[in-house]
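Below are the chains, spelled out letter by letter.
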Amino acid sequence: MEKMHYAEELVREFLVFRGFTNTLEAYETELRTDVGKGFQVDKILDLIFSLYVPKFQIDKLVALLGFFKHYLSSSFETTLVSTFSKLEASLLRFYVVHALQSNRRDKVVEFFTVHGPDLLQSSQEDWTQWFAIPYVKNPQLDPEFRIFFSKEWYQALHLSVRNFFSEIFNATHILHNICLKEKKISSEMNATSLLKRDITQLNIKLSELQALLNEKETQLRQFKSMEGNISSSSNLHEESTHMSKDSPETFPQEVQTEIGQDLVVENDGDVSREEDFDEVNVEHQETFLGHTSPISRCRFSASGNNIASASLDGTARIWTYDASTPASRNATIYCGTEILSLDWECKSDRLLLIGTSDACIKAWNVDAKRVVCDLNTTEAFPSVLDIKCSPVEPIFVSAAASGGSGSNYFDNLGFASLTVWNMKTWKAMTVLPLGEDPPAITSICFNHNGKILAASAVDGMIHMFDMSAGLQITGWPAHDSSISSILFGPDETSIFSFGSDGKIFEWSLQNQGQILWSRDCSRFCYPVNDSNYYRRDMALDANGRRLLVTSSSVRAPIYQVQDHLNGWRTLPHGAPITAVDWHPTLPIFLTGSADNSVRVTSLLS
């Protein structure tokens with residue numbers, strides 16, 4: 001009796017886990033009114049032959065079979081496992097046959113589209129011939145499939161399934177092994193959870209120690225600088241003691257910043273606490289240490305399961321932060337020159353585009369683990385500053401620059417070229433018009449349907465293009481300085497721009513030129529002439545409420561959009577933060593640093 005009760009609990013557990021509410025209620029009712037009979041195999045048969053197959057619920061059928069296969073595998077009964085695999089194949093073929101008998105060839109095509117790859121990998125049964133059955137005119141007459149359409153085959157299958165489940169649910173030793181396996185899995189999950197918690201606490205402690213070390217090093221440099229000025233300032237001190245008490249004191253106009261406390265003294269001497277942000281509440285944080293030079297770009301894939309990051313030494317890495325995600329796509333891509341831009345194909349995680357400083361655009365197939373196309377911009381525009389894939393069509397746009405002879409990074413970019421590429425033929429389709437000798441385009445982005453492309457330039461202009469016509473439809477001067485980054489707001493009614501002077505504006509697209517929100521984060525910005533950290537980057541979270549920007553500090557600010565008072569600051573890296581991105585759906589963000597590391601930070605909701 002005990003083994004029967006345990007079998008009933010297994011079925012109840014599965015129904016609860018899969019959310020089969022109505023089936024669970026009926027099952028509970030029948031158990032209460034049928035006391036003493038214990039577990040009934042008929043319940044399993046009803047699920048398969050009366051519910052899942054007739055109603056084409058293939059996902060639930062596969063889940064049910066996978067559930068039992070998982071527990072059978074833990075029993076070490078190889079004969080039973082092999083027998084079940086054959087029954088599983090027969091049940092799936094029964095589903096295909098039933099769909100064809102019901103004139104639902106669409107369900108057969110859908111079945112092979114979704115589950116075909118798994119079937120081909122199965123070593124128990126040969127499915128090769130079955131992939132042609134949706135296109136066979138009368139499969140019930142075909143010698144290959146005729147037997148599966150007979151009443152005798154169905155009756156034999158039904159009886160085999162009944163006998164098999166009757167056998168396994170009357171095998172006490174199997175149920176015992178299942179119980180032991182469950183306990184082992186539960187124990188391992190608890191141990192893993194404890195280890196993850198310990199790792200998170202250690203990462204936070206490491207971050208705090210790195211920040212403290214950075215602060216001490218800064219203080220040490222300041223002390224050394226003060227010692228060098230003591231001798232030269234002693235004469236000035238002596239002279240100042242003889243000054244009239246009524247003489248006005250003169251202070252240099254400067255902004256003094258204490259990063260640790262986020263204290264800002266503005267030119268007029270007023271103290272601003274506007275950016276005295278709290279540290280983010282972190283649920284979990286992972287650090288990726290695969291790079292050997294400062295990070296220049298980092299991007300989540302379309303699903304958020306994979307990450308691409310690039311460093312100044314011309315190396316791109318593809319990796320995953322979640323232990324449950326297969327690492328089969330992980331790879332290292334050597335480009336041989338500085339990587340300036342990265343972007344993932346928008347509809348899948350299959351392709352990664354990489355733009356370099358030597359007129360090269362590489363398309364990396366993550367499944368094949370190879371470069372499937374090597375494109376080249378014209379020699380006149382070698383620096384591929386940004387790449388963006390259309391969210392709808394198989395095209396992407398590259399923003400390339402000619403290079404110049406200016407005194408700082410932005411002046412040295414030269415002129416601009418915007419090229420539209422076809423991702424099926426891997427050929428250039430058109431060049432978007434920018435006028436004669438246009439200033440370099442630093443950042444581009446598509447709206448949600450891919451019909452509009454926005455581009456920002458080093459002269460502070462924002463340009464808007466109609467992609468169907470291939471023409472510029474509007475534009476306006478947005479900054480007094482170069483614009484480093486641009487992106488559409490979540491509701492497509494606004495657009496954000498990030499200037500090299502550290503100013504961020506949210507512009508209305510309904511009332512052109514109207515500023516909806518702004519922040520000045522100039523104290524977090526690198527000097528314009530610092531060639532290693534020229535890229536100002538920003539990223540919006542999935543809800544469009546939090547804006548993360550790069551920083552010259554070991555921490556990066558996270559602004560709350562439309563709110564001038566609230567915000568957060570990230571946990572510290574060991575060096576400035578040079579690249580950022582948000583997960584497409586979850587409260588998880590990326591920060592790449594000059595300390596060669598990339599961090600994945602999951603926030604508490």
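Bear in mind the structure is a predicted one, so any value in this text is a computation, not a measurement.

Rules used throughout
Residues numbered from 1 in each chain as written. Predicted model: local features only at pLDDT ≥ 70, side-chain atom pairs only at ≥ 80, totals over all residues. Heavy atoms only, no water. Helix = DSSP H or I, 4+ residues; strand = E, 2+ residues; numbered from the N terminus. Buried < 20%, exposed > 50% of the residue type's maximum accessible area, 1.4 Å probe, protein only. Contact = heavy atoms within 4.5 Å. Areas by Shrake-Rupley, 256 points an atom, 1.4 Å probe, with all protein chains shown as cover. Pairing = 2+ DSSP bridges. Core = buried A, V, L, I, M, F, W, Y, C linked by side-chain atoms within 4.5 Å. Phe/Tyr/Trp six-rings, centres within 6.5 Å; stacked < 30°, edge-to-face > 60°. 1 Å grid on protein atoms, 1.4 Å probe; cavity = no way out; pocket = protein on both sides within 12 Å on 5 of 7 lines; lining within 4 Å. Points joined across faces, edges and corners; volume = space filled by probe spheres on them. Nonpolar A, V, L, I, M, F, W, Y, C, P; charged D, E, K, R; others polar. Axes fitted to C-alpha atoms, helices over the stretch in contact; angles between N-to-C directions. Disulfide = S-S within 2.5 Å. pLDDT = per-residue confidence, 0-100. Expected span 1.5 Å × (residues − 1). Arc of directions from axis to C-beta. Left-handed = near helix turned anticlockwise from the far one by under 90°. Salt bridge = Lys/Arg side-chain N within 4 Å of Asp/Glu carboxyl O. Parallel < 35°, antiparallel > 145°, perpendicular 65-115°, else oblique.

**Things to note about the overall build of the chain**
Within the chain, the secondary structure is distributed over 8 helices and 32 strands. Within the span of the chain, comprising 605 residues, buried residues form 47% of the whole. For the chain, the proportion of contacts with a sequence separation of at least 24, taken over those separated by at least 6, is 51%. When the accessible area of the chain is evaluated, it comes to approximately 30,500 Å², of which 51% is carbon and sulfur surface.

**Some thoughts on the pairing of strand β13 (residues 370–376)**
As defined by bridge partners, strand β12 (residues 360–365) adjoins β13 across 6 bridges and the pair is classed as antiparallel. Bridged to Ile 361 within β13 is Leu 375. Turn length for the β12-β13 hairpin, with the two strands adjacent in sequence and antiparallel, is 4 residues, and the turn residue Lys 369 shows positive phi of about 55°.

**Digging into the nonpolar core**
Membership of the largest hydrophobic core comes to 46 residues, with the highest contact counts inside it found for Ile 48, Leu 61, Phe 111, Phe 112, Trp 130, Ile 133 and Val 161. Going through the elements one at a time, α3 (42–52), α4 (58–73), α5 (78–101), α6 (105–121) and α7 (151–168) are the ones with two or more residues in this core. When residues no more than four places from it in sequence are discounted, the contact partners of Phe 112 are Val 96, Pro 117, Leu 119, Trp 127, Trp 130, Phe 131, Ile 133 and Pro 134. In terms of nonpolar packing, the next biggest core, distinct from the first, is built from 16 residues, Ala 399, Leu 418, Val 420 and Leu 434 among them.

**Details of the packing of aromatic side chains**
Enumeration according to the criterion identifies 26 aromatic pairs in this entry. For the ring pair Phe 112 and Trp 127, a centre distance of 6.4 Å and an interplane angle of 70° mean the geometry is edge-to-face. You can see Phe 112 sitting in helix α6 and its partner Trp 127 sitting in the loop between α6 and α7, a full 15 residues away along the chain. For the residue pair Phe 112 and Trp 127, the accessibility class agrees, reading buried in each case. Relative to Phe 145, the ring of Trp 130 lies with its centre 5.2 Å away and its plane at 70°, an arrangement referred to as edge-to-face. Taken together, the residues Trp 130 in the loop between α6 and α7 and Phe 145 in the loop between α6 and α7 connect sequence positions 15 residues apart.

**Brief notes about unusual backbone geometry**
In this model, Asp 437 sits at a positive phi of 45°, which is unusual for a non-glycine residue. Relative to the elements of secondary structure, Asp 437 occurs in the loop between β17 (427–432) and β18 (441–446).

**Focus on the layout of surface pockets**
Quantified by volume, the largest pocket comes out at close to 1,100 Å³. Contributing to the lining of the largest pocket are 41 residues, with Asp 343, Lys 388, Phe 446, Leu 540 and Asp 581 lying nearest its centre. The element that contributes the greatest number of residues to the lining of the largest pocket is strand β22 (residues 483–488), accounting for 5 residues. Split into classes, the residues belonging to the lining of the largest pocket amount to 20 nonpolar, 9 polar and 12 charged.

**A look at the sheet that holds strand β4 (residues 278–279)**
Strand order in the open sheet formed by 5 strands is β4-β29-β28-β27-β26, and the pairing between neighbours is mixed. With partners counted over all chains shown, the strands left at the sheet margins are β4 and β26 (538–540), one partner each. As judged from the 3 bridges shared by strand β27 (residues 546–549) and strand β28 (residues 557–560), these two strands associate in the antiparallel manner. Residue pairing across strands places Leu 548 opposite Ile 558, the latter belonging to β28.

**So, the sheet that holds strand β32 (residues 598–603)**
Taken in spatial order, the 4 strands of this open sheet run β5-β32-β31-β30, and their pairing is antiparallel. Single-partner strands in this sheet number two, and they are β5 (282–288) and β30 (577–582). Direction aside, the axes of adjacent strands within the sheet are offset by 20° on average. The sheet contact formed by β30 and strand β31 (residues 588–593) spans 5 bridges and is antiparallel. Each bridged residue has a counterpart across the sheet, and for Asp 581 the counterpart in β31 is Leu 590.

**Let's talk about the state of the cysteines**
What we call a disulfide is simply a covalent bond connecting the sulfur atoms of a pair of cysteines. Overall, the coordinates contain 0 disulfides when judged by the stated rule. Unpaired in this structure, Cys 346 has its nearest cysteine sulfur neighbour in Cys 389, at a distance of 5.4 Å.

**Quick notes on the confidence of the model for the chain**
Looking at the chain, pLDDT values average 81 and 78% of them are 70 or higher. Scored below 50 in pLDDT, residues 263–274 shows 27 contacts in the model against residues more than four places distant or in partner chains. With pLDDT under 50 throughout, residues 528–533 is counted as low confidence; its partners more than four residues away or in other chains account for 11 contacts.

**Comments concerning the pairing of β12**
Here β12 lies mainly inside the structure; 6 of its 6 residues are buried. Here β12 shows no split at all, with Cys 360, Lys 362 and Trp 364 on one side and Ile 361, Ala 363 and Asn 365 on the other all buried. When strand β11 (residues 351–356) meets β12, the two strands line up antiparallel, connected through 5 bridges. Along β12, the bridge assignment pairs Leu 353 with Ala 363. In this antiparallel pair of consecutive strands, β11 and β12, the connection spans 3 residues, and Ala 359 shows a positive phi of 70°.

**Side note on α7**
With 18 residues, α7 should cover 26 Å at 1.5 Å per step; its first-to-last C-alpha distance of 26 Å lies within 8% of that length. Those residues of α7 that fall on the buried side of the exposure criterion are Trp 153, Leu 157, Val 161, Phe 164, Phe 165 and Ile 168. Each buried residue of α7 lies within a common arc of 90° when the element is viewed along its axis, so the set occupies one face. The exposed set on the far side of α7, more than 90 degrees from its buried face, consists of Lys 151 and Glu 152.

**A closer look at the packing of α5 against α7**
The geometry of α5 relative to α7 is characterised by a closest axis approach of 11 Å and an angle of 145° between their N-to-C directions. Like other packed secondary-structure pairs, α5 and α7 cross with a definite hand, here left-handed. The residues of α7 that touch α5, namely those facing Leu 80, Thr 83, Phe 84, Leu 87, Ser 90, Leu 91 and Phe 94, are Trp 153, Tyr 154, Leu 157, Ser 160, Val 161, Phe 164, Phe 165 and Ile 168. Residue classes in the contact of α5 with α7 are distributed as 12 nonpolar, 3 polar and no charged.

**Some details on the pattern of salt bridges**
Applying the stated rule across the entire model yields 12 salt bridges. Where Asp 42 meets Arg 162, a salt bridge forms, and the shortest distance between an N and an O atom there is 2.9 Å. You can see Asp 42 sitting in helix α3 and its partner Arg 162 sitting in helix α7, a full 120 residues away along the chain. On the basis of relative accessibility, which here comes to 31%, the residue Arg 162 falls in the partly exposed class. Through salt bridges that share partners, Arg 297, Asp 386 and Lys 388 make up one connected network.

**Points about the packing of α5 against α6**
Two elements in contact, α5 and α6, have axes whose closest approach is 8 Å; the angle formed by their N-to-C orientations is 160°. Judged by the angle between their axes, α5 and α6 are roughly antiparallel. In the packing of α5 onto α6, the handedness of the crossing is left-handed. Side by side, α5 and α6 meet where Leu 92, Tyr 95, Val 96, Ala 99 and Leu 100 of the first sit next to Arg 105, Lys 107, Val 108, Phe 111, Phe 112 and Leu 119 of the second. Its residues assigned to classes, the contact of α5 with α6 comprises 9 nonpolar, no polar and 2 charged.

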